[in-house]
Amino acid sequence: MSAPKPPRRSKPPAPSKSRRPQGPSKGSGRGPAAASGPSPVPLRAAAAALLSRVLDEQLFLDAALAEERDRFAALTPGDRAAARRLTLTALRRLGEIDAEIDARLAKPLPERGRPIRQILRIAAAETAFAQGAAHAAVDAAVRQAKKVDPRFSGLVNAVARRIAEQAARLAERPAEEAARLNTPAWLWDRLCADWGAPAAARLAAAQLSPPPLDLTLRDPDDAPRWAEQLGAERSPTGGLRLKQAEKALTALPGFEEGAWWVQDAAAALPARLLGATGPGALKGLRVLDLCAAPGGKTMQLAAAGAEVTAVDDSESRMARVSENLARTGLQAKLVTEDA
């Protein structure tokens, strides 16, 4: 009598291409081949960490940068600039990005998946809105996920790829629709109530464009020279305005020698109203600068000859003030206390 044959194993059904990722996978989640050259992971990981500081810890961007200064210091100047641009793009387009991510999930990510959402946000920002190479962005996202929580690597691979495939559609979305999606409901309602829907739409659309870069000069009399070297416009506040920096800030003429620093034109007005219009203009004047970090007004006042005491309650932010003063050759008394 022959032995009974073992039951035949049925082949598992092929996965449906339209099926949404359910959650963390037990496998490794292989992604596309890695891009050639240096590993792209540190740049994107820095951007995701910075985004988490802003969204999860509710820090302002300059405070978030101060908390991530060691991670960013390990990057090349070009990668530091790129990581910062990716973070800002993700913040400006957050409504659209989250809508695309959520549309591709069968259920919300669990609490432990918060870092995974930041990784997906950066990947989506790069492929859909920063003209990044899809294969490099997706590969970097998958490798980040494997380091953070390998269970989610397959999900990251699937979601990031599907968003990358829709990059052209997202980039061509009508401006009014994009503006509405990227404006929180509470802000949209207030803008409409105060200014009307048409004006609210224009205000919301304006926030999607990167702002110009304003520079304050250590010596305003040098404005013509630095405007020519930097290809910048002179602003009414005595500084310079770059429409777009083609290089990392640290690679621009005048940075190393401390001839200028980044400061919004509006933020430069208080010191100018006090009389900080040039070297020696405030000589002998003692000034207390509260909430001083990152130090733009402190440097303005010091450059004009004032004796400045700068106060801020953040040690990491005050470290940036100290670095900026050292680079520009200016002096101020720094106090880290709650004003």
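Please refer to the structure placed before this passage.
The structure contained in this document is the topic of the report that follows.

**Some points on the packing of helix α1 (residues 41-55) against helix α4 (residues 77-92)**
So, point 1. Interhelical geometry of α1 versus α4 gives an angle of 45° and a closest axis separation of 8 Å. Considering the angle they form, α1 stands oblique to α4. The chirality of how α1 crosses α4 is right-handed. Between α1, through Leu 43, Arg 44, Ala 46, Ala 47, Leu 50, Leu 51, Val 54 and Leu 55, and α4, the contact on the second element is made entirely by Asp 79, Ala 82, Ala 83, Leu 86, Thr 87, Ala 90 and Leu 91.
So, point 2. A class-by-class count of the residues in the contact of α1 with α4 yields 12 nonpolar, one polar and two charged.

**Some details on the packing of aromatic side chains**
So, point 1. Counted by the stated rule, this structure contains one aromatic pair.
So, point 2. Its guanidinium or amino end placed over the ring of Phe 255, Arg 327 lies 4.1 Å from that ring's centre, counting from NZ or CZ.

**Digging into the packing of α4 against helix α6 (residues 114-129)**
So, point 1. Taken N-terminus to C-terminus, the directions of α4 and α6 make an angle of 90°; their axes are 9 Å apart at the nearest point. Classified by the angle their axes make, α4 and α6 are roughly perpendicular. Contacts between α4 and α6 involve Leu 86, Thr 87, Thr 89 and Ala 90 from the first element and Arg 121, Ile 122, Ala 125, Glu 126 and Phe 129 from the second.
So, point 2. When the residues that make up the contact of α4 with α6 are grouped by side-chain class, the tally is five nonpolar, two polar and two charged.

**As for helix α16 (residues 315-328)**
So, point 1. Relative to the 20 Å expected for 14 residues at 1.5 Å per residue, α16 spans 20 Å between its end C-alpha atoms, a close match to the ideal helical length.
So, point 2. Regarding α16, the residues found buried are Ser 316, Arg 317, Met 318, Val 321, Asn 324, Leu 325, Arg 327 and Thr 328.
So, point 3. Buried positions along α16 lie against α2 (61-67), β4 (260-262), α15 (296-303), β6 (307-312) and β7 (333-336).
So, point 4. Of the residues flanking the end of α16, it is Gly 329, one or two places downstream, whose phi is positive at about 70°.

**Considerations on the sheet that holds β7**
So, point 1. Read from one edge of the open sheet, three strands run β5-β6-β7, paired in parallel fashion. Every other strand in the sheet has two partners, leaving β5 (286-290) and β7 as the edge strands with one partner each. Ignoring which end each strand starts from, the neighbouring axes of this sheet average 15° apart.
So, point 2. Here four bridges tie β6 to β7, and the two strands are oriented parallel to one another. Its bridge partner being in β7, Val 311 is matched across the sheet by Val 335.
So, point 3. On top of the sheet, α15 reaches β5 and β6; it is set at about 170° to β6, its chief contact.

So, how was this worked out
- Residues numbered from 1 in each chain as written.
- Predicted model: local features only at pLDDT ≥ 70, side-chain atom pairs only at ≥ 80, totals over all residues.
- Heavy atoms only, no water.
- Axes fitted to C-alpha atoms, helices over the stretch in contact; angles between N-to-C directions.
- Helix = DSSP H or I, 4+ residues; strand = E, 2+ residues; numbered from the N terminus.
- Parallel < 35°, antiparallel > 145°, perpendicular 65-115°, else oblique.
- Left-handed = near helix turned anticlockwise from the far one by under 90°.
- Contact = heavy atoms within 4.5 Å.
- Nonpolar A, V, L, I, M, F, W, Y, C, P; charged D, E, K, R; others polar.
- Phe/Tyr/Trp six-rings, centres within 6.5 Å; stacked < 30°, edge-to-face > 60°.
- Lys NZ or Arg CZ within 6 Å of the ring centre and 35° of its normal.
- Expected span 1.5 Å × (residues − 1).
- Buried < 20%, exposed > 50% of the residue type's maximum accessible area, 1.4 Å probe, protein only.
- Pairing = 2+ DSSP bridges.

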